[in-house]
Each structure stands twice: as C-alpha cells, then as structure tokens.
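In case you want the letters, here they are:
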Amino acid sequence: MKENNMKINIFKSHEECSRELATRLVKYVLKNPKAILGFATGGTAEKTYEFIVYDFIEGKVNFEDVTTFNLDEYIGLDKDHPQSYYYYMYSKLFRHINVKDENINIPNGLGDIKMNAIEYEKKLNEKGLDVQILTLGVNGHIAY
C-alpha cells in the first residue's frame, strides 16, 4: 500500500490562502525556471493571480521560460470573446507577466473540437505538468 504524504493546510481567509499559494508557486518557479504550470479559471483563483502579478511586478519572479496549460475552454467562443477562458486568463494573469505567448496553452473551442482535444491532450502528455492549480468553488465544484 502506498503511503499518503498529503499535507492539509487550513487558512483563516481566502486572501491568506491565495497569498500562500502564490508564494509557493513563485518559489517553485524560482527553483524551476522552465516549470510547466497548469491553471484553472474562475473567481476562486483570481486573488492568487493578483498576488502572482504583484510578485512579478516587484521583480520577485521571472516567467520567461515557463510553459502553461489551462484546463478548459468554452465550445463556440472565440478567444477574444469576453466570456472565453482565453480572454479571462490574459486579462487576469498572462498580459501582466512575462510568460511568452508561444508557451501559453489554452484549449481551442472553435473548429474541429474532437481534433483540437486530441492535439491538446497530445501536447499536454508530451510536456507533462509540474504543478496544477485547482480551485474549489463556493458551490463545491472543483476547477470548473
């Protein structure tokens, strides 16, 4: 039987939790400049992204060689649509840090959806993930 080494942290507030997550992510990137990070969208992650942006602006971290993958995208929405996750991630995080556009991976919700999904999964499997941020929404959903 595999030993469970999971550590559970309990925070007093969403802000405290978000600050700690951002701090851990920044420390990880400092140790692993070519980190491959998975991001979630939604209100729960926004404060974490604000802290990441703050740390970048303060010169505490460099995302130049980081690669990112996002969990999902809406089918039928262009990436410039204000409700798309592509738009969301750029407005909340990516346009505020120095991650290269070619290193940002967000599923394509237009065109041949099945082929897009196959290609995205292939790229994700080739690269792998070092860290995946998931969020828990107020109604209990995970990383929607």
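Figured I'd write up the structure that's included with this text.

What counts as what
Counting from 1, residues in each chain are numbered in the order their sequence is written. Local features in this predicted model are restricted to residues whose pLDDT is 70 or higher, and side-chain atom pairs enter the listing and the counts only when it is 80 or higher, whereas totals over whole chains, interfaces and linings include all residues. Here the side-chain values reflect all heavy atoms present in the structure, with hydrogen atoms and water set aside. In this text, helices come from DSSP runs of H or I with a minimum length of four residues, and strands from runs of E with a minimum of two, each type numbered from the N-terminal end. It is over C-alpha atoms that the radius of gyration is taken, and the globule rule equals 2.2 Å times the number of residues to the power 0.38. Buried residues are those whose accessible area, probed at 1.4 Å on protein chains only, stays under 20% of the maximum for their type, while exposed residues exceed 50% and partly exposed ones sit between those limits. Each accessible area value is a Shrake-Rupley result obtained with a 1.4 Å probe; residue values ignore everything except the protein chains displayed when judging cover. Two residues qualify as a contact provided that any one of their heavy atoms is within 4.5 Å of a heavy atom in the partner residue. Pairing between strands requires that DSSP locate at least two bridges from one strand to the other. Both cavities and pockets are sets of points on a 1 Å grid over the protein atoms alone; in a cavity a 1.4 Å probe fits but cannot get out, in a pocket the set is open with protein on both sides within 12 Å along at least five of seven lines, and lining residues sit with an atom within 4 Å of a point. Grid points are joined across faces, edges and corners, and a volume is the space filled by probe spheres set on the points. Side-chain classes are defined by residue name, with Ala, Val, Leu, Ile, Met, Phe, Trp, Tyr, Cys and Pro counting as nonpolar, Asp, Glu, Lys and Arg as charged, and the others, Gly among them, as polar. For every element, the axis is a line fit to its C-alpha atoms; helices are fit only across the contacting stretch, and the angle between N-to-C directions ranges from 0 to 180 degrees. Here roughly perpendicular refers to angles of 65 to 115 degrees, roughly parallel to angles under 35, roughly antiparallel to angles over 145, and oblique to all remaining angles. Each crossing gets its handedness from the near helix: less than a right angle anticlockwise from the far helix is left-handed, clockwise is right-handed. The crossover handedness rule: strands pointing away from the viewer, path from first strand over the helix to second strand clockwise, crossover right-handed.

Comments concerning the overall build of the chain
When you go through the chain residue by residue, the secondary structure sums to four helices and four strands. Starting at the N terminus and walking to the C terminus, you meet the elements of the chain as α-β-α-β-α-β-α-β. Since a compact globule built from 144 residues should have a radius of gyration of about 15 Å, the 16 Å found for the chain is in line with a globular shape. Dimensions of the chain along its principal axes, counting C-alpha atoms only, are 45 × 45 × 30 Å. Among the 144 residues that make up the chain, the fraction classed as buried is 34%. Summing over all exposed atoms, the chain offers an accessible surface of approximately 9400 Å²; the carbon and sulfur share of this is 53%.

Details of the environment of A22
Secondary-structure assignment places A22 in helix 1 (residues 14-31). Residue classification places A22 among the buried residues on the basis of a relative accessible area of 0%. Separated by 18 residues in the primary sequence, A22 and N4 have C-alpha atoms spaced 24 Å apart. Not counting chain neighbours up to four residues away, the residues in contact with A22 comprise T48, F51 and I52.

As for the sheet that holds strand 1 (residues 36-39)
Ordered by their spatial adjacency, four strands build an open sheet running 3-2-1-4, and the pairing between neighbours is parallel. Edge strands, defined here as strands with exactly one partner in the open sheet, are strand 3 (104-105) and strand 4 (131-132). Note: strand 1 against strand 4, two bridges, orientation parallel. From the neighbouring strand, G38 faces strand 4, where its bridge partner is Q132.

Examining the layout of surface pockets
Within this model, the largest pocket holds a volume of roughly 830 Å³. Forming the boundary of the largest pocket are 25 residues, of which F11, C17, L21, R24 and L134 lie nearest the centre. Sorting the residues of the lining of the largest pocket by element identifies helix 1, helix 2 (43-57) and strand 4 as the ones contributing at least two each. Broken down by element, the residue count for the lining of the largest pocket peaks at eight residues, all from helix 1. Residue composition of the lining of the largest pocket, by class: 14 nonpolar, seven polar and four charged. Reported here for the second largest pocket is a volume of approximately 160 Å³. For the second largest pocket, the lining is made up of 13 residues, of which P107, N108, N116, A117 and Y120 are closest to its centre.

Observations concerning the packing of helix 1 against helix 2
Two elements in contact, helix 1 and helix 2, have axes whose closest approach is 8 Å; the angle formed by their N-to-C orientations is 50°. Here helix 1 lies oblique to helix 2, going by the angle between them. For the element pair helix 1 and helix 2, the recorded crossing hand is right-handed. Only T44, K47, T48, F51, I52, Y54 and D55 of helix 2 make contact with helix 1, whose side of the interface consists of H14, E15, S18, R19, L21, A22, L25 and V26. When grouped by side-chain class, the residues that make up the contact of helix 1 with helix 2 number seven nonpolar, four polar and four charged.

Some details on the pairing of strand 1
Walk down a regular strand and you will see the side chains alternate between the two sheet faces. Neither face of strand 1 is exposed, since I36 and G38 on one face and L37 and F39 on the opposite face are all buried. In the sheet, strand 1 pairs with strand 2 (residues 67-70) via four bridges, with the strands oriented parallel. Bridge pairing in strand 2 links I36 to T67. Crossover strand 1 to strand 2 through helix 2 is right-handed.

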